[in-house]
Amino acid sequence: MYPFTPGSYAPANGWYVAAFCNEIGEELLSRWILNQPVVLYRKGDGTAVAVEGRCPHRHYPLGASKRVGDAIQCGYHGITFDAGGKCTFVPSQQTVPGVYGIRAYPLVERGLWAWIWPGDPDKADESLIPDMTEIGYDLPGYYARPFYYHHVEGRYQLLNDNLLDLTHLGYLHASSIGTPDDAATPEEREVTDRYIRSRRYMRNTPPPPVMQERGWVEGPIDRISGMDFHFPGFHAGIGDVRVAEGQPRAGALLRSSRVWHAVTPATKTTTNYFFGMASPDRDSVDDAVEYLKPVLAEDIFATVEIEKIITTLDELPSELMLKSDGTAVLGRRALQRMMDAERAEREAAQ
Amino acid sequence: MYPFTPGSYAPANGWYVAAFCNEIGEELLSRWILNQPVVLYRKGDGTAVAVEGRCPHRHYPLGASKRVGDAIQCGYHGITFDAGGKCTFVPSQQTVPGVYGIRAYPLVERGLWAWIWPGDPDKADESLIPDMTEIGYDLPGYYARPFYYHHVEGRYQLLNDNLLDLTHLGYLHASSIGTPDDAATPEEREVTDRYIRSRRYMRNTPPPPVMQERGWVEGPIDRISGMDFHFPGFHAGIGDVRVAEGQPRAGALLRSSRVWHAVTPATKTTTNYFFGMASPDRDSVDDAVEYLKPVLAEDIFATVEIEKIITTLDELPSELMLKSDGTAVLGRRALQRMMDAERAEREAAQ
Amino acid sequence: MYPFTPGSYAPANGWYVAAFCNEIGEELLSRWILNQPVVLYRKGDGTAVAVEGRCPHRHYPLGASKRVGDAIQCGYHGITFDAGGKCTFVPSQQTVPGVYGIRAYPLVERGLWAWIWPGDPDKADESLIPDMTEIGYDLPGYYARPFYYHHVEGRYQLLNDNLLDLTHLGYLHASSIGTPDDAATPEEREVTDRYIRSRRYMRNTPPPPVMQERGWVEGPIDRISGMDFHFPGFHAGIGDVRVAEGQPRAGALLRSSRVWHAVTPATKTTTNYFFGMASPDRDSVDDAVEYLKPVLAEDIFATVEIEKIITTLDELPSELMLKSDGTAVLGRRALQRMMDAERAEREAAQ
């Protein structure tokens, strides 16, 4: 489906963010992930787990069920599954055949996030989780916190496309975090087999409105803005602001932030969207929770409105492709390649 | 469609509950039944009738139209149909061809219910209506009343499945009417060509929470719980509570109730659901109207949530079938057989 | 789709009302027209324009974007299109290839309305716009004003069918503007290649309820009621009331009104519906804005309810066709012919 080839929706073999770690606790958390209902919770020993969210007996939502110790007892007929997915109790039977069970998903907590592997568990290689150093998570002196979880009524790739093309900052976010220079500045790009890195180095540029309005920064600045797309669904951003060359204290670091957007398909046309941030200045991070709300709301507005348009149109005309779409195109291709490989494997297995 | 074979939805040749008798009066009552709009009303002489709810001229809802005597005058262009479905008046014409008309459905009031036959009227044999004695309606000294009509956003068979497997009582209704013994006790079953009877005889068992909380019953009880599924959409339940063997006054009847669930397909994925009850104790019946509300709400919650899951999933995996599903499987097969027979007949007729 | 042949939805080569002129101003107005998003606005020089409402880059709604002079700057990535649809600015590029652009629709203001041509612009012949004299717009001494714009949740042909069969006046609008004579009186009809004219001359007839209740008219009247359907989506109505023959002052004009209904497909199953009116008596026109609200609400109710019924039914049975449907049938055929011609042309071009 758009913007992928017909029948292609999302790669299954990859680490997606299922939740912020701090969302997972004693209570059962229901979430659709790659068009499957999933339940997340933390065992008595503190380990986070993810299991299928649908009882295989009559499809009742296990997330609306009951914890019994580390197990989930289906709220409908009481069939019970342990944290590994194994069925341990059927109220109407004395014995439980060993084949009874639900899927248990590989789930790894790293950084602020609980990473899930929706595909073939045998392929769930933890070294494929984005490297915490590479994403700027463990920078010394930086304070990181999760900001928002949003359930977005639009397909996930619209959010990936958004993040793969930061020329939108000066327009969609013209009143806050962007300036026209975000689009006008040439992009530098680095592509590996795990991520695509995009950077813009803006020299002697006016600060974005939010920096001016809040009195953080005056006069011309040098600004680095960039985003790394770690396949299949994680974007790590960088925003560094320094006194511009030629000014007194030229090169002094004025503001620094790392932002993380995680984009996880929920259903075919809805998305789990996670945003978090870090900065050396704890107050500025806490402050950002408020002033970034309308910024994220703009991205979500774009996603929802575009989803409505492409859903209503009979046929979606071919897109106008700009030079600035290079990164988004590479990002789409990376996902398409993963999906093609999975399909080839499925077909070979048949 | 799930859980039936592709193309199978609901048997048409059978008596379904269209309404409680007390819902039908002078005013036109609109209701979808087996994916057809139907209008129910009571003629001047008191007879309840059911006719097609769609004007054949321009599909205007006849239920949103006007009674003129015993006839319905379409609210759009005034075309008028008598209670037998015959067109009696076209405002723009002097004469009305005899072929003009709408469907009139066989409708029979019996017990608390008005029974409709959505299929071939020539096959509408009243003796196929569930026997009032068999369903425990006319037990001497029992007071019966209709409780609730609910329009449920889920396909009807989910409610049939619910009622065909009372092992859910101790889990979905764990806080009210069930205990784990409802699942753990072996089921006794009787199958005829008109119904499936299921019974559980629980001996020396603790009373369900609602009985304890309300102080009705103390100490161990003997309890009979059961449900008869009269094809295609009526469930008659029994609940008798006696002092347990070995106790003083052993065998004395403490509580007795009969409950009736009628499940009538509305559209493909929505259901008309009727619940009523009887007991020798009139106050306890009236009292139950309140305390059973959350119980029914649990069944409806399960139905609605399961409908969402099966509608969202691309492919529904095969279900885990338990020993306790025997009754539900027989119930599904009975309906499938009816649908297969109707299809064979349609094909033979072509 | 119903009531047209499969695959037929709406003629594209025709003038439809996109908006009342007074709806179009400096601000961008978003409207779906024939299943395409469209933006309407007025240029600095006062000219009203209509352009595609979807940015060809990433499908962002241009109606939710920003005016920059006479151009629209996409609210997402800042791509800018002038009022003629030509792309004039891409923030990330120095040059803009001449092929970049969006559709600009022929748009003509005439009377109260802005007329759009959604089809092949080369065929947009302004002489095909309904003639202002023929529709009674420029009657000397008549005061005309737009009344309502409604977005109706039903397919457009249901509203055309409504207006092509005024026998509904005495039933759907029995409490206000119609009497049974609207249906019982024979219809006179004139058909040209541009419109179908329908008239009913009611002699010595009681006034409709609204005229009686408001004390406008007493005793028997002669009444002319009619509607002209200008293909593909405009209905011009006439309502003249005179003292009936045989009464004192026989033939004196008591009330006179012209009404205009414009019916423009929005999406496949929703409609843009515009109503306006004129009369020699300015106060009576202003007064009508209030008392006609429930009348239009009845037409919309019929449309929405019928849409629900035909959408829910698996198969739509054939319609009962009455003698009074002659005009509606001719109207449907006129549109079907237009669609057939367009299809033949598309096929020939391939």
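Named according to an unreviewed UniProt entry, chain A is Rieske 2Fe-2S domain-containing protein originating from Novosphingobium ovatum.

Undergrad: Pulling in residues and values, what's your account of helix H6 (residues 293-312) of chain B?
TA: Under the 1.5 Å per step criterion, the end-to-end length of H6 of chain B is 28 Å for 20 residues, consistent within 8% with the ideal 28 Å. When we look at burial in H6 of chain B, the residues that qualify are Val295, Leu296, Asp299, Ile300, Ala302, Thr303, Glu305, Ile306, Glu307, Ile309 and Ile310 of chain B.

Undergrad: Go over the domain arrangement of chain A with me, naming the residues and quoting the values.
TA: All names here are of chain A. Domain assignment breaks chain A into domain 1 (16-123) and domain 2 (131-340). Put simply, the middle of domain 1 and the middle of domain 2, counted by C-alpha atoms, are 32 Å apart. If you look at the interface, domain 1 gives 17 residues, while domain 2 gives 23 residues. Roughly 1,600 Å² is buried in total at the junction of domain 1 and domain 2, and carbon and sulfur atoms are behind 75% of that figure. If you look at where domain 1 meets domain 2, you find zero salt bridges. Counting the contacts that link domain 1 with domain 2 gives six residue pairs in polar contact (both at pLDDT 80 or more). At the level of elements, strand S1 (16-20), strand S2 (29-33) and strand S11 (113-116) are the ones that each hand at least two residues to the side of domain 1 that touches domain 2. Examining the composition of the side of domain 1 that touches domain 2, we find that five residues originate from one element, S1, more than from any other. Residues that form the side of domain 1 that touches domain 2 fall into these classes: eleven nonpolar, three polar and three charged.

Undergrad: Lay out the relation of the copies chain B and chain A in plain terms, naming residues and giving numbers.
TA: Its rotation angle being 120°, the transformation that places chain B on chain A also includes 0.0 Å of axial translation and leaves an RMSD of 0.0 Å. On this basis, the relationship between the two copies can be described by a three-fold rotation axis. The position closest to the rotation axis in chain B is occupied by the C-alpha of Thr311 of chain B, lying 10 Å away.

Undergrad: A description of the sheet that holds strand S16 (residues 234-243) of chain B should follow, citing residues and the corresponding values.
TA: Residue and element names in this part refer to chain B. Spatial ordering of the open sheet is given by S12-S18-S17-S16-S15-S14-S13, a layout of seven strands whose pairing is antiparallel. Either end of the sheet is taken by a strand with one partner, and the two such strands are strand S12 (143-152) and strand S13 (188-191). The sheet shows a mean angle of 15° between the axes of neighbouring strands, direction not considered. One ladder, built from nine bridges, connects S12 with strand S18 (residues 271-279); its direction is antiparallel. Residue Tyr148 lies in a different strand from S18, and its bridge partner there is Phe275. Along the sheet, helix H1 (residues 156-163) makes contact with S12, strand S15 (221-230), S16, strand S17 (253-265) and S18, crossing S17 at roughly 160°.

Undergrad: I'd like to hear about the packing of helix H1 (residues 156-163) of chain A against helix H6 (residues 293-312) of chain A, residue by residue, with values.
TA: Residues and elements named next belong to chain A. Packing of H1 against H6 leaves a shortest axis separation of 9 Å and a crossing angle of 130°. With respect to H6, the axis of H1 lies oblique. Crossing handedness for the pair H1 and H6: right-handed. Packed against H1, whose contacting residues are Leu158, Leu159 and Asn162, the element H6 presents Asp299, Thr303, Ile306, Glu307 and Ile310 at the interface.

Undergrad: Could you give an account of unusual backbone geometry, naming the residues involved and the relevant values?
TA: Of the consecutive residues Phe231 of chain B and Pro232 of chain B, the connecting peptide bond is found in the cis state with omega at 0°. You will see that Asn35 of chain B, though not glycine, has its phi angle at about 65°, which is positive. With respect to the secondary-structure elements, Asn35 of chain B resides in the loop between strand S2 (29-33) and strand S3 (36-42). With a phi close to 55°, Asn204 of chain C is a non-glycine residue in the positive phi region. Relative to the helices and strands, Asn204 of chain C resides in strand S14 (residues 195-205).

Undergrad: Report on the environment of Ser176 of chain B, specifying residues and quantitative values.
TA: Residue and element names in this part refer to chain B. Structurally, Ser176 is set in the loop between helix H2 (169-172) and helix H3 (181-184). Along the backbone, Ser176 and Glu213 are 37 residues apart, and their C-alpha atoms lie at a distance of 9.0 Å. Excluding anything up to four places from it in sequence, Ser176 contacts Pro208, Pro209, Val210, Val295 and Glu298.

Undergrad: Please provide a residue-by-residue account of the interface of chain B and chain A, values included.
TA: Facing 32 residues of chain B, the contacting portion of chain A comprises 28 residues. It is Tyr171, Ile309 and Leu320 of chain B that lose the most area in chain B upon contact with chain A, and together they represent 27% of the buried surface on that side. Summed over the shared surface of chain B and chain A, the number is three salt bridges. Among the salt bridges present, the one from Glu319 of chain B reaches Arg58 of chain A, with a minimum N-O distance of 3.3 Å. The interface formed by chain B and chain A includes 14 residue pairs in polar contact (both at pLDDT 80 or more). For the side of chain B that touches chain A, the elements supplying multiple residues, two or more each, are H1, H2, H3, H6 and helix H7 (326-349) of chain B. Considering every element that reaches the side of chain B that touches chain A, the biggest residue donor is H6 of chain B, with seven residues. Classifying every residue of the side of chain B that touches chain A by side-chain character gives 18 nonpolar, six polar and eight charged.

Undergrad: Requested: an account of the interface of chain C and chain A, with residues and values cited.
TA: Each partner contributes residues to the interface: chain C has 28 residues there, and chain A has 32 residues. Summed over both partners, the interface of chain C with chain A buries about 2,400 Å², with 63% contributed by carbon and sulfur atoms. Among the residues chain C hides against chain A, the three largest losses belong to Arg58, His59 and Tyr76 of chain C. Together they make up 30% of the total. Joining chain C to chain A, the criterion identifies three salt bridges. Among the salt bridges present, the one from Asp325 of chain A reaches Arg58 of chain C, with a minimum N-O distance of 3.3 Å. In this assembly, chain C and chain A are joined by 14 residue pairs in polar contact (both at pLDDT 80 or more). For the side of chain C that touches chain A, the per-class residue count stands at 13 nonpolar, twelve polar and three charged.

Undergrad: Give a description of the packing of H1 of chain B against H7 of chain B that names residues and reports values.
TA: Residue and element names in this part refer to chain B. Where H1 contacts H7, the two axes come as close as 8 Å, and the packing angle between them is 140°. The angle between H1 and H7 places the two elements in the oblique class. Crossing of H1 over H7 shows right-handed handedness. Where H1 abuts H7, its residues Tyr156, Gln157, Asn160 and Asp161 lie against Ala328, Arg332, Leu335 and Met339. The class makeup of the residues in the contact of H1 with H7 is four nonpolar, two polar and two charged.

Undergrad: Help me get a handle on the pattern of salt bridges, residues and values and all.
TA: For the coordinates displayed, the defined rule picks out 75 salt bridges over all chains. Between Glu290 of chain A and Lys293 of chain A there is a salt bridge whose closest N-O contact spans 3.0 Å. Between Glu109 of chain C and Arg42 of chain C there is a salt bridge; the shortest N-O distance is 2.8 Å. Placement of Glu109 of chain C in strand S10 (residues 107-110) and of Arg42 of chain C in strand S3 (residues 36-42) is noted, with a sequence separation of 67 residues between them. What makes Glu109 of chain C partly exposed here is its relative accessible area of 33%.

Undergrad: Give me the packing of aromatic side chains: which residues, what numbers.
TA: Per the counting criterion, the structure on display carries 54 aromatic pairs over all chains. Geometrically, the ring pair formed by Trp113 of chain B and Trp115 of chain B is edge-to-face, given 5.9 Å between the ring centres and 65° between the ring planes. For Trp113 of chain B, a relative accessible area of 0% translates into the label buried. Ring geometry for Phe4 of chain C and Tyr156 of chain C: centres 6.3 Å apart, planes at 20°, overall stacked. Taken as a pair, Phe4 of chain C in the segment before strand S1 (16-20) and Tyr156 of chain C in helix H1 (residues 156-163) lie far apart in primary sequence, 152 residues in all. We classify Tyr156 of chain C as buried; its relative accessible area is 3%. Three or more aromatic residues joined by ring pairs form one cluster here, namely Trp113, Trp115, Tyr137, Phe234 and Trp260 of chain A. Positioned over the ring face of Trp216 of chain C is Arg255 of chain C, at 3.6 Å from the centre of the ring. The ring of Tyr9 of chain C carries the charged tip of Lys268 of chain C above its face, separated from the ring centre by 5.3 Å.

Undergrad: An account of the nonpolar core is requested, with residue identities and associated values reported.
TA: Within the largest apolar cluster, 55 residues are counted, with the highest numbers of intra-cluster contacts made by Leu40, Leu107, Ile116, Phe147, Tyr156, Phe275 and Leu292 of chain C. The residues contacting Leu40 of chain C, other than those within four sequence positions of it, are Ala18, Ala19, Ile24, Glu27, Leu28, Leu29, Arg31, Val49, Ala50 and Leu107 of chain C.

Undergrad: Lay out the sheet that holds S3 of chain C with the relevant residues and their values.
TA: Residues and elements named next belong to chain C. Taking strand neighbours across the sheet as the criterion, the four strands line up as S2-S3-S4-S9 in an open arrangement whose pairing is antiparallel. Of all strands in the sheet, those bounded by a partner on one side alone are strand S2 (29-33) and strand S9 (104-105). With two bridges joining them, strand S4 (residues 48-52) and S9 adopt antiparallel strand pairing. For Val51, the partnering residue across the bridge sits in S9 and is Ala104.

Rules behind the numbers
- Residues numbered from 1 in each chain as written.
- Chains lettered and ligands numbered in written order.
- Predicted model: local features only at pLDDT ≥ 70, side-chain atom pairs only at ≥ 80, totals over all residues.
- Heavy atoms only, no water.
- Helix = DSSP H or I, 4+ residues; strand = E, 2+ residues; numbered from the N terminus.
- Expected span 1.5 Å × (residues − 1).
- Buried < 20%, exposed > 50% of the residue type's maximum accessible area, 1.4 Å probe, protein only.
- Domains from an automatic or database assignment.
- Contact = heavy atoms within 4.5 Å.
- Buried area = accessible area lost by both parts, 1.4 Å probe.
- Salt bridge = Lys/Arg side-chain N within 4 Å of Asp/Glu carboxyl O.
- Polar contact = N/O pair within 3.5 Å; in protein donor to acceptor, adjacent residues only side chain to side chain.
- Nonpolar A, V, L, I, M, F, W, Y, C, P; charged D, E, K, R; others polar.
- Least-squares fit on C-alpha atoms with pLDDT ≥ 70 in both.
- Pairing = 2+ DSSP bridges.
- Axes fitted to C-alpha atoms, helices over the stretch in contact; angles between N-to-C directions.
- Parallel < 35°, antiparallel > 145°, perpendicular 65-115°, else oblique.
- Left-handed = near helix turned anticlockwise from the far one by under 90°.
- Phe/Tyr/Trp six-rings, centres within 6.5 Å; stacked < 30°, edge-to-face > 60°.
- Lys NZ or Arg CZ within 6 Å of the ring centre and 35° of its normal.
- Core = buried A, V, L, I, M, F, W, Y, C linked by side-chain atoms within 4.5 Å.

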